[in-house]
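A structural walkthrough
Here's the letter readout for the chains.
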Amino acid sequence: MKQLMLTSSLFVLICSSISAVSGGNVFCYFASWTTYRPGNGKFDVSNIDPSLCTHISFAFVGVGENATVRIIDPWESNEDYGPKGFEHLVGLKQQNPNLKVLLSMGGWNEGSSKFSQVARNPELRKRLALNVLAFLKQWKFDGFDLDWEYPGFRDGSNPAIDRDDYTALMSDLRDVLAPEGYILSGAVSGAINRIEISYDIPALNKLMDYINIMVYDFHGSFDPYVGHVSPLYASSLDSSHGDNVTYNVASGIQYWLDNGADPSKINLGIVTYGRSFTLADESKTELYAPIQGGGKEGPYTRQEGILGYNEICELHSDWTYVWDDEQKVPHRISGNQWVGYEDVRSITYKTDYAISKNLGGMMVWAFDNDDFRGICGDKYPLMNVLQKIR
Ligand SMILES: *[C@@H]1O[C@H](CO)[C@@H](O)[C@H](O)[C@H]1NC(C)=O
Ligand SMILES: *[C@@H]1O[C@H](CO)[C@@H](O)[C@H](O)[C@H]1NC(C)=O
């Protein structure tokens, strides 16, 4: 009888965590290091409007020694003398009681090799899952978001076995987190030639509450030519450039759907930053035009090849605006500078696409490059568009 009750209460708990999966998600990432930006670029939890999101995830913690949860920057995360990111982010639930606050582990800078090592060792996998559970409890998070970029790719990864090991890691996380009602999600690639190597979609679909698909970073100054960071559809120019014809939102999402992902689990990812280029020849501005390198850095993001929407609207509204009607995305050009980005119009197309595919919702990276101060008009113009899916 005791066994039976335990089983049925587990059943209820698992169902309640599954019922967390419903349409209308706006899954937002908080990039904690933006607190170091200067001037109007400085962003912290107090700048978040918690009514804009159904879920907010803290980015990032890392993987520590012996499969522990590693706090990357204690000052911004948890020290008394800093902005106390964990505590304040979770505290946003007082303003929006329906909000779920998650913890993200990984990200681009964390690399692939530590995940690969933990995931291939059954003992370390279980230990990581238990350490994550304890960490979520300690800081009162509602769930965990794994952002391994990417299984089978980059230094120290293992293309032959990371795919199955990633599933095994998700499975161990689910075994530990789901019975206690915690949400489990992951940020995954939206590029078909990556997906095939990184993910066992039918298996992951059973384990994850949300599949946050990063259908962006398809092009950037890591390539030697111009391209948009996140086209919704292919350009006719893509068809003579191999797999580039699949480097767009619709192809990536459709691939996940066709290969076994439940639409209601998918959150379609958008970015609030643009990717910029310095053209090799000012007169050649079309897609695949040769570049010298990334575009000039902006005052807030301070990185060549990147410009936030806020930087573009505050500083570059005089650049020539071009709408690509095939890709359904804008770019701006000035002299030898070219930036592809998202605006209200392109995000409206993407949100409508997500609605037409009955997706669970939208994901956004991240608050801090939207016009969160309302310097160019209303506050949060980009994230406001996402609300139509709720
Ligand atoms: C690793 O963690 C486990 C469980 O938390 C602990 O028992 C073990 O002593 C640790 N090993 C090392 C080398 O720290
Ligand atoms: C994209 O196009 C470029 C330029 O033609 C080509 O070098 C590259 O291999 C293509 N990428 C893929 C993934 O096919």
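Here, every reference points to the structure presented above.
An account of the accompanying structure is given in this report. If you're wondering where the values come from, they're calculated on a predicted model, not measured in any experiment. (Residues numbered from 1 in each chain as written. Chains lettered and ligands numbered in written order. Predicted model: local features only at pLDDT ≥ 70, side-chain atom pairs only at ≥ 80, totals over all residues. Heavy atoms only, no water.)

**Considering the packing of aromatic side chains**
Aromatic rings considered in pairs are described by the distance between their centres and by the relative angle of their planes. Throughout the structure, instances matching the rule amount to 26 aromatic pairs. Here the aromatic rings of Phe60 and Trp365 are separated by 5.6 Å at their centres, their planes lie at 15°, and the arrangement is stacked. With a gap of 305 residues between them, Phe60 in strand β2 (residues 55–63) and Trp365 in strand β15 (residues 361–365) connect regions that are remote in the sequence. Note on Trp365: relative accessible area 16%, which makes it buried. Taken together, the ring pairs connect Phe30, Phe43, Phe58, Phe86, Phe135, Trp139, Phe141, Phe367, Phe372 and Tyr380 into an aromatic cluster. Positioned above the aromatic ring of Trp323 is the side chain of Arg345, whose terminal nitrogen or guanidinium carbon lies 4.0 Å from the ring centre. (Phe/Tyr/Trp six-rings, centres within 6.5 Å; stacked < 30°, edge-to-face > 60°. Helix = DSSP H or I, 4+ residues; strand = E, 2+ residues; numbered from the N terminus. Buried < 20%, exposed > 50% of the residue type's maximum accessible area, 1.4 Å probe, protein only. Lys NZ or Arg CZ within 6 Å of the ring centre and 35° of its normal.)

**Concerning the layout of surface pockets**
Over the atoms rolls a probe the size of a water molecule, and its path tells where empty space is left. In this structure, the largest pocket occupies an estimated 1,300 Å³ of space. In terms of lining residues, the largest pocket is bounded by 49 residues, among which Trp108, Glu149, Asp217, Tyr273 and Arg275 are the most central. Counted by class, the lining of the largest pocket contains 22 nonpolar, 14 polar and 13 charged residues. (1 Å grid on protein atoms, 1.4 Å probe; cavity = no way out; pocket = protein on both sides within 12 Å on 5 of 7 lines; lining within 4 Å. Points joined across faces, edges and corners; volume = space filled by probe spheres on them. Nonpolar A, V, L, I, M, F, W, Y, C, P; charged D, E, K, R; others polar.)

**Quick look at the pairing of strand β6 (residues 183–189)**
Along β6, 7 of the 7 residues are buried, which leaves the element largely enclosed by surrounding structure. With 4 bridges connecting them, strand β5 (residues 143–147) and β6 associate as parallel partners. When the bridges of β6 are listed, Leu146 appears paired with Gly186. The handedness of the β5 to β6 crossover, carried by helix α6 (residues 162–177), is right-handed. (Pairing = 2+ DSSP bridges. Right-handed = clockwise from strand over helix to strand, strands pointing away.)

**Details of the site of ligand 2**
Lining the immediate surroundings of ligand 2 are Asn193, Tyr225, His241, Gly242, Asp243, Asn244, Tyr247 and Tyr288. A distance of 2.8 Å is found between an oxygen atom of ligand 2 and a backbone nitrogen or oxygen belonging to Asp243. One nitrogen or oxygen atom from the side chain of Asn244 is found 2.3 Å from an oxygen atom belonging to ligand 2. Here ligand 2 loses 56% of its free accessible area of 360 Å² to cover by the protein chains. Class assignment for the residues of the shell around ligand 2 results in 3 nonpolar, 4 polar and 1 charged. (Near = heavy atom within 4 Å. Polar contact = N/O pair within 3.5 Å; in protein donor to acceptor, adjacent residues only side chain to side chain. Areas by Shrake-Rupley, 256 points an atom, 1.4 Å probe, with all protein chains shown as cover.)

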